[in-house]
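This is what each chain is made of:
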Amino acid sequence: MKIPVLRIYTIGYLLFLYCPILILPIFAFNDSTAVAFPLQGFTTEWFQNVFHDAVLGKALKNSLLVAASTAVISTFLGTLAARANTRYQFKAAGPLMGLIMLPMVLPEIIMAMALLVVLLSIGIPLSLFTIILGHVLVCTPFAVAILTSAFQSLDKSLEEAAYDLGEGPFSTFRLIILPLVMPGIISAMLICFTISLDEFIISNFLGSGEPLLSTFIYGQLRFPKNVPNIMALGTILVGVSITLLALAEFFRRRGLARTGAKDSGGFL
Amino acid sequence: MSEPLKRPRFWGSQAASGLALISPTALYAILLLAAPLAATLVYSVMTDGYLTVIPHFQLCNYIGECHSQLADGTMSPDGYLGAWSDPIVRTLMARSLFVSILVTAATVLLAYPVAYFVSFNVAPSKKALWLFMITIPFWTSYVIRVFMWNVMISRTGVINSVLQGLHITSDPLQMSFTIQAMVITLAHAYAPFAILPIFVALEKIDRSLLEAGQDLGETRFTTFLRVTLPLSMTGVIAAVLIVFIPTIGDYVTPNLIGGGKIPMIANMIEKQMLKADNRALGSAIAVSAMLVVGLVSVVFLALNRRYLKGPK
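The residue count restarts for each chain, going from 1 along the sequence in the order it is written. Ligands are numbered from 1 and chains lettered from A, in the order in which they are written. Residue-level local features of this predicted model are given only where pLDDT is at least 70; pairs of side-chain atoms are given and counted only at 80 or more, and the full residue set underlies all totals for whole chains, interfaces and linings. Heavy atoms throughout the structure, all of them, feed into the side-chain values; hydrogens and water do not.

Q: What is the right way to look at the overall build of chain B in this model?
A: Every helix listed is a DSSP run of H or I at least four residues long, and every strand listed is a run of E at least two residues long, numbered separately from the N terminus. If you tally the helices and strands in chain B, you get 12 helices and 4 strands. Atoms counted for the radius of gyration: C-alpha only. Globule rule: 2.2 Å times residue count to the power 0.38. A compact globule built from 312 residues should have a C-alpha radius of gyration of about 20 Å, whereas chain B, at 25 Å, is more than 25% larger. For chain B, the spread of C-alpha atoms along the principal axes amounts to about 85 × 80 × 40 Å. Relative accessibility under 20% of the residue-type maximum defines a buried residue, over 50% an exposed one, and the middle range a partly exposed one, all with a 1.4 Å probe and only protein chains included. Within the span of chain B, comprising 312 residues, buried residues form 52% of the whole. Expressed as a percentage of contacts within chain B between residues at least 6 apart in sequence, the contacts between residues at least 24 apart total 60%. Charge-centre separation for chain B: the mean point of 21 positive side chains lies 9 Å from the mean point of 15 negative side chains. The contact rule is simple, with two residues in contact once any of their heavy atoms fall within 4.5 Å. Under this rule, positive means Lys or Arg and negative means Asp or Glu; His and the chain ends count for nothing. Where a charge sits is defined by one atom per residue type, namely NZ (Lys), CZ (Arg), CG (Asp) or CD (Glu).

Written out as structure tokens, the structure reads:
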């Protein structure tokens, strides 16, 4: 019998990918401040600490506000760009789309520093608002990528039929196109929300010291006695992220099923 | 499309509708991305002042020795070296480049078989699920993932306690604060970025070409080398660039895994921009880093073009 080398390799690779997030919950429930084997027993102390930390509560509130705003704005901007790029042919589309998608490959530190220096020079004080400005820049390309595939799988004849039946461009968009790409929009919002929630570099440099989840975690990691709390918090965050992603994937697939397109896989 | 007559004028044309629709997003990117990047470029050829930059053109932030203007308006007698003249910046740049190349090579080589497996060996209905499984870890907190590698490789960490518990080693292995540890962490962080473009390229390959290759007497392996690999190179190139470019600017890993002992160019940019308040030099280092990345990418693309045009 042939040995399925590739399959074994791929499963090994998945184990490598999942290793850190599988180990995380083990230490979140381990009754020891040292993050090491052998395990010392079961405790929920770290989770209780997490729920009673006032600074963390504030960080959570700030993060949710930033992530929700980012999700809505990026998805709106992403919808416009994806629709323009898939529906109309115009010369400027290439360069403009290149610029819009650039944050996907640009090192974040360069973006954060360039933005920071300009904001300071024109005298805009750093706040949660400036973090949102940066996050929208980072998230929009992902929204565009998801929504482009949603718009591409649209059948153009549906739109033409609506025009022939006397609908104008706006009512056609509202009645025909929007419902069909809605799953893509929800999927893009969930992805942007997740990216913003986890984003660190822009949150760190464009913030005014107001805590966000990622900067709070980064700060706590310097103190070894706080590490188990971070393990507990990380477990919760990973759980939330995976739930949001599963939802995003569900909506993405439903969108594809609705437009009758073939599922070619993946978000990107 | 729905218009009964073709109107030659600009308004109402494809171009006008497209531009109008894309303009909010494009404007956002121009104001908050293109303008700041242009400002960085301009700052890099100006004179450093106290908490500001002075519009006085010079190239000393790149080459030679520069003098900052002090708070009282006089020039500082103590100079500083420009980005390309400073041996520390050169060392950090070389290290960042070295780490990025290692990470890119490791990530893409490890990712190719996975992409190949999902594209060729997985039933079409299961592909989306596999890709979803591969991307999940990527969407979880970057800081926590990087820190978890620290937990695994530290002296009292997971790997050492397992090795010692099983009596494979008696003394803990020193893995923290090494370049290898940073490479593993970054290769882990960017894995899905490498898998997805390669997968997309493999999916586009017409399967009948492979059959044709084998009908013409090629073995499975030579078919792979002469058909599959060249046809999937577009994906490999995309993967290389999408991993290589962001990696060179990584900031979190040198701090958490390197323990601040092995700084990379991103840490230097941050130091100059913020702690040292030298935005001119910080900008020059940032621009230099982008130039290096751009140059390496162009060389890579050129080499690759030669490979694809090479002997048939």
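Let's pick the thread back up.
Q: Which parts of the structure should I look at to understand the state of the cysteines?
A: Each disulfide consists of one covalent bond between the sulfur atoms belonging to two cysteines. Note on disulfides: each one is a pair of cysteine sulfur atoms within 2.5 Å. Applying the stated rule across the entire model yields 1 disulfide over all chains. Here cysteine 60 of chain B pairs with cysteine 66 of chain B through a disulfide, and the sulfurs are 1.6 Å apart. Taking the sign of the S-S torsion, about 80° here, the bridge from cysteine 60 of chain B to cysteine 66 of chain B comes out right-handed. Pair check on accessibility: cysteine 60 of chain B and cysteine 66 of chain B agree, each one buried. Here cysteine 192 of chain A is not cross-linked by a disulfide; its sulfur's nearest cysteine counterpart is in cysteine 139 of chain A, at 4.7 Å.

Q: Which parts of the structure should I look at to understand the packing of helix H4 (residues 93–101) of chain A against helix H1 (residues 14–43) of chain B?
A: In a packed pair of helices, the relevant descriptors are the angle between the two axes and the axis-to-axis distance. Lines are fitted to the C-alpha atoms to define the axes, a helix being fitted only along its stretch in contact, and any angle between axes, read from their N-to-C directions, falls within 0 to 180 degrees. Orientation of H4 of chain A relative to H1 of chain B, taken along the N-to-C sense of each, is 50°, at an axis distance of 9 Å. By the angle between their axes, H4 of chain A is oblique relative to H1 of chain B. Where H4 of chain A crosses over H1 of chain B, the two elements pack in a sense that is left-handed. On H1 of chain B, the residues touching Leu96, Met97, Leu99 and Ile100 of chain A of H4 of chain A are Leu19, Ile22, Thr25, Ala26, Ala29, Ile30, Leu33 and Ala34 of chain B. Each residue is assigned to one class: nonpolar for Ala, Val, Leu, Ile, Met, Phe, Trp, Tyr, Cys and Pro, charged for Asp, Glu, Lys and Arg, and polar for all the others, Gly among them. Along the lines of polarity and charge, the residues of the contact of H4 of chain A with H1 of chain B split into 11 nonpolar, 1 polar and no charged. Roughly parallel means an angle under 35 degrees; roughly antiparallel means over 145; roughly perpendicular covers 65 to 115; every other angle is labelled oblique. What makes a crossing left-handed is the near helix being turned counterclockwise from the far one by less than a right angle; a clockwise turn instead makes it right-handed.

Q: Would you explain the pattern of salt bridges in this entry?
A: Pairing is possible between side chains that carry opposite charge, provided their charged atoms lie close to one another. Residue and element names in this part refer to chain A. When a carboxyl oxygen of Asp or Glu is within 4 Å of a side-chain nitrogen of Lys or Arg, the pair counts as a salt bridge. Overall, the coordinates contain 7 salt bridges over all chains when judged by the stated rule. For glutamate 159, the salt bridge goes to arginine 87, with nearest N and O atoms at 3.0 Å. Placement of the pair is glutamate 159 in helix H7 (residues 156–164) and arginine 87 in helix H3 (residues 54–87), with a sequence separation of 72 residues. In this structure, glutamate 159 and arginine 87 share a single accessibility class: buried.

Q: How do you make sense of the confidence of the model for chain B when you look at a structure like this?
A: Any segment with low pLDDT has predicted coordinates that should not be analysed in fine detail. All names here are of chain B. Overall, the prediction assigns chain B a mean pLDDT of 84, with 95% of residues at 70 or greater. Scored from 0 to 100, pLDDT reflects the predictor's confidence in each residue. Of all secondary-structure elements in chain B, the lowest mean pLDDT belongs to helix H5 (residues 158–165), at 78, while helix H2 (residues 87–121) reaches the highest, 92. Confidence metrics for the complex model read pTM 0.84 and ipTM 0.83.

Q: Is there a simple way to explain the interface of chain B and chain A in this structure?
A: How big an interface is tends to be stated in terms of accessible area lost as the parts join. Taken together, the 82 residues of chain B in the interface contact 88 residues of chain A. Summed over both partners, buried area is the accessible surface (1.4 Å probe) that two parts give up on being assembled. Summed over both sides, the interface of chain B with chain A buries roughly 7700 Å², with 82% coming from carbon and sulfur. Here chain B and chain A share 0 salt bridges between them. Counted as a polar contact is a pair of N or O atoms within 3.5 Å, where, for protein atoms, one must be capable of donating a hydrogen and the other of accepting one, and residues adjacent in sequence contribute only when both atoms are in side chains. At the boundary of chain B with chain A, the tally comes to 9 residue pairs in polar contact (both at pLDDT 80 or more). The element best represented in the side of chain B that touches chain A is H1 of chain B, accounting for 21 residues. In terms of residue class, the side of chain B that touches chain A is made up of 63 nonpolar, 16 polar and 3 charged.

Q: What should I look at first to understand the domain arrangement of chain B in this one?
A: For chain B, the assigned domains read domain 1 (1–43) and domain 2 (87–309). Residue ranges labeled as domains rest on an automatic or database domain assignment. Taking only C-alpha atoms, the centre of domain 1 of chain B and the centre of domain 2 of chain B are 34 Å apart.

Q: Would you explain helix H8 (residues 169–198) of chain A in this entry?
A: It helps to recall that an α-helix has 3.6 residues per turn; residues three or four apart then point in one direction. The span expected for a helix works out to 1.5 Å for each residue beyond the first. Taking 1.5 Å of rise per residue, 30 residues should cover 44 Å, yet H8 of chain A covers just 38 Å from first to last C-alpha, more than 12% shy of that figure. Bend, in this description, refers to the angle at a residue between axes fitted to the seven residues ending there and the seven starting there. Most pronounced at leucine 178 of chain A, the bend in H8 of chain A amounts to some 55°, and the proline proline 179 of chain A follows within four residues.

Q: Explanation requested: the pairing of strand E4 (residues 75–81) of chain B in the structure shown.
A: The side chains of a regular strand alternate between both faces of the sheet. Between any two strands, pairing holds if DSSP finds at least two bridges. In this structure, strand E3 (residues 65–69) of chain B lies alongside E4 of chain B, joined through 4 bridges in antiparallel fashion. Each bridged residue has a counterpart across the sheet, and for cysteine 66 of chain B the counterpart in E4 of chain B is tyrosine 80 of chain B.

Q: What is the right way to read a nonpolar patch on the surface from this model?
A: For patch building, the residue pool is restricted to those with more than 30% relative accessible area and no salt bridge; the joining distance is 9 Å between like charges and 5 Å between nonpolar side chains (Val, Leu, Ile, Met, Phe, Trp, Tyr). Using the Shrake-Rupley algorithm and a 1.4 Å probe, accessible areas are obtained, with residue cover drawn only from the displayed protein chains. A grouping of Ile3, Val5 and Ile8 of chain A is seen on the molecular surface, where their side chains present a nonpolar patch of about 320 Å² in accessible area. As for its placement among the helices and strands, isoleucine 3 of chain A is situated in the segment before helix H1 (5–28).

Q: Just to check I follow, could you spell out the nonpolar core for this structure?
A: The term nonpolar core refers to a set of buried residues drawn from Ala, Val, Leu, Ile, Met, Phe, Trp, Tyr and Cys, joined through side-chain atoms within 4.5 Å. By size, the foremost hydrophobic cluster in this structure holds 172 residues, and its most contacted members are Met231 of chain A together with Tyr251 and Val252 of chain B. A per-element tally of this core places helix H6 (residues 128–152) of chain A first, with 15 residues. Mapped onto the domain boundaries, this core takes at least three residues apiece from domain 1 (1–43) and domain 2 (87–309) of chain B. Leu241, Phe244, Ile245 and Val293 of chain B belong to the second largest nonpolar core, which has 6 residues in total.

Q: Explain the environment of alanine 286 of chain B to me, please; I cannot follow it from the model alone.
A: The topology assignment puts alanine 286 of chain B in helix H12 (residues 279–309). Residue alanine 286 of chain B is classed as buried on the basis of its relative accessible area of 3%. Distance from alanine 286 of chain B to methionine 273 of chain B, taken between C-alpha atoms, is 9.9 Å for residues 13 residues apart in sequence. Discounting chain neighbours no more than four positions away, the residues touching alanine 286 of chain B are Ile110 of chain A together with Thr40 and Ile269 of chain B.

Q: Looking at this structure, how should I read the side chain of aspartate 198 of chain A?
A: Tracing the backbone shows aspartate 198 of chain A in helix H8. Among residues more than four places away in sequence, those in contact with aspartate 198 of chain A are Ser214 and Ser241 of chain A together with Trp139, Thr140, Ser141 and Tyr142 of chain B.

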